[in-house]
Structure formats: C-alpha cells, structure tokens
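Report on the structure
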Amino acid sequence: MKSAKVIELVAAHDIFFALAHSGVCAAFSRESNKRICFLNVSPDEVIRSLFYITVYTKGETRCRFPLFVSKYLKWPGFVEFDDVNGKVLTYSAQDSIYKVFDLKNYTLLYSISDKHVQEIKIRLLIFNRAQSHVPLKILSIEDGTVLKDFNHFIVRNAELKEVSRTEFMTPSAFIFLYENQLFLTFRNRTVAVWNYCGELVTSFEDHLLWHPDCNANNICITSDPNLVNCFSGWRCLRKR
C-alpha cells in the first residue's frame, strides 16, 4: 500500500498506535521506535478511529472481555465517548439502533431504535426535518426516558448573504462553535474564525498547521470553546 499521512496517535504505556488516512493502523514500541505489528486483520480492512480504554476491577480479573457487543457495529456505525456524563454511545447502521452504556462498568443502560432519528447527541434526539420544523426529543441520560418532546421551527427571512471568493475561499474543514455563534475554517495551513453573517472575526496569522490539508479528525475543540488544540503531525506509515 502507498504511504499516507497519519491522522491519529494513541499512546498506551510503552506502545503507541498510529492510524493513517488510508485506514492502515500499526503499533510501535516507544523504546525502540520499531513497528510491532499492523492492527488490520485483513489487507482490505479499513480502520477509521482509535480508542484506548482502561478498565479497573477488584478481585479476580480476566485478561480481556468484549465491549459494546453488537453484530453490526462497523462503519458507518460508530462508538462515541462522553467523558463529561460518563456514557458511551454506539450506533449500528445496519439496524439503526443506538445504545448507551455506562462508562464506569460498560453495562448497557438502554437502546434507541428509530429509523427517523437523523442525529443524536447522547440525550438529544434530532429527527428528520419536516417542511417547517425539526422534531426534537430530550431524554434522560440515565435511562432514556423522554423528558421533553417538541418541534424546533425554522425561521427564514429569504435574505441571502454573499461573500466574495477572494475573502472566503473554500475550506477543507469546518467546525461550528454554537455557543459563540461562530465557526472555524481550515484551509491549507491556516485557521480563521467567522460569524454567521459571513464576516471574518479573526485569523491566526502567527500560527500555521503542520499539514497543508487539514480535516476535522486532526482538530479538537475543548469544553472551553475559546481554546483550540491543533494536531502537529507525525511520520507516514507504509504497509509492506
């Protein structure tokens, strides 16, 4: 396989894992910097993301046990960790089932089966958009009970805001800062902040990203939306 840039790095004790954009994932020794193995089970298997999970138990322990057991938990399905609320969300794309687990002991708390759900944010269900509104449901994060069921009406004034191409060039990635009503754009090695009126708020002239073609997997927005962490980069992988 051809070389590809690294998009994720995960370190665990004396081993670190590197995931390439091509979907190839390898483990390396931190002592010798030599490759230990590839994590791809077959040549055509593509790995989309990495997670390192530490489990603490009392008394007798087993070397390993399965987590988030699901027959169809594969791409475009996903696993999403919510450290703030101590929950794990999984999605099985084939049967359209969301499952919420307790991050303390990985026990299943409840399941959500509804093919009309377009997106879920742990406790907020966003359904397919209707003509004039978007149906929403707020759930109890502990047991999935519906706390509130309402419609978010879409208000438009037909006003069109056009930004010059010379001012706003097509970015390679967006990240929306909803609380600040702003959004970040990433193009080549530059970062800029815009408001919803299409006006440039600020740019980071003294900061250039390592990779010239950035994507959302290289960017982390902290719980404080005023802080941005940028991935610096690593060497490429080549599978032999």
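Residues numbered from 1 in each chain as written. Predicted model: local features only at pLDDT ≥ 70, side-chain atom pairs only at ≥ 80, totals over all residues. Heavy atoms only, no water.

Looking at an unreviewed UniProt entry, one finds the chain named Transducin/WD40 repeat-like superfamily protein and attributed to Rhododendron griersonianum.

Looking at the sheet that holds strand β15 (residues 190-195)
For sheets, the rule is that strands pair by backbone hydrogen bonds, running either parallel or antiparallel. Taking strand neighbours across the sheet as the criterion, the 4 strands line up as β13-β14-β15-β16 in an open arrangement whose pairing is antiparallel. Looking along the sheet, the strands with just one partner apiece sit at the ends: β13 (173-177) and β16 (200-203). On average, each strand axis in the sheet is inclined to that of its neighbour by 25°, with strand direction left out of account. (Pairing = 2+ DSSP bridges. Helix = DSSP H or I, 4+ residues; strand = E, 2+ residues; numbered from the N terminus. Axes fitted to C-alpha atoms, helices over the stretch in contact; angles between N-to-C directions.)

Observations regarding the state of the cysteines
Within the structure shown, the criterion is met by 0 disulfides. C25 forms no disulfide, and the closest cysteine sulfur to it belongs to C37, at a distance of 8.6 Å. On the accessibility criterion, C37 (36% relative accessible area) is partly exposed. (Disulfide = S-S within 2.5 Å. Buried < 20%, exposed > 50% of the residue type's maximum accessible area, 1.4 Å probe, protein only.)

Looking at the nonpolar core
By size, the foremost hydrophobic cluster in this structure holds 11 residues: L89, Y91, Y98, V100, Y110, I112, V117, I120, L125, F127 and L139. Of all the secondary-structure elements, those providing two or more residues to this core are β6 (87-92), β7 (97-102), β8 (108-113), β9 (117-121) and β10 (124-127). Residue contacts for L139: discarding those within four places in its chain leaves I112, R123, L125, G144, T145, V146 and L147. In terms of nonpolar packing, the next biggest core, distinct from the first, is built from 9 residues, A173, I175, L177 and L182 among them. (Core = buried A, V, L, I, M, F, W, Y, C linked by side-chain atoms within 4.5 Å. Contact = heavy atoms within 4.5 Å.)

Examining the packing of aromatic side chains
Under the defined criterion, the tally for this structure stands at 3 aromatic pairs. Measuring from ring centre to ring centre gives 5.2 Å for F16 and F28, while their planes differ by 15°; the resulting arrangement is stacked. Here F16, found in strand β2 (residues 15-20), pairs with F28, found in strand β3 (residues 25-29); they are 12 residues apart in sequence, far enough to count as distant. For the pair formed by F16 and F28, the shared burial category is buried. When the ring of Y91 is compared with that of Y98, the centres are 4.4 Å apart and the planes differ by 25°; the resulting orientation is stacked. Each member of the pair Y91 and Y98 is classed as buried. One aromatic cluster in this structure is built from F78, Y91 and Y98. (Phe/Tyr/Trp six-rings, centres within 6.5 Å; stacked < 30°, edge-to-face > 60°.)

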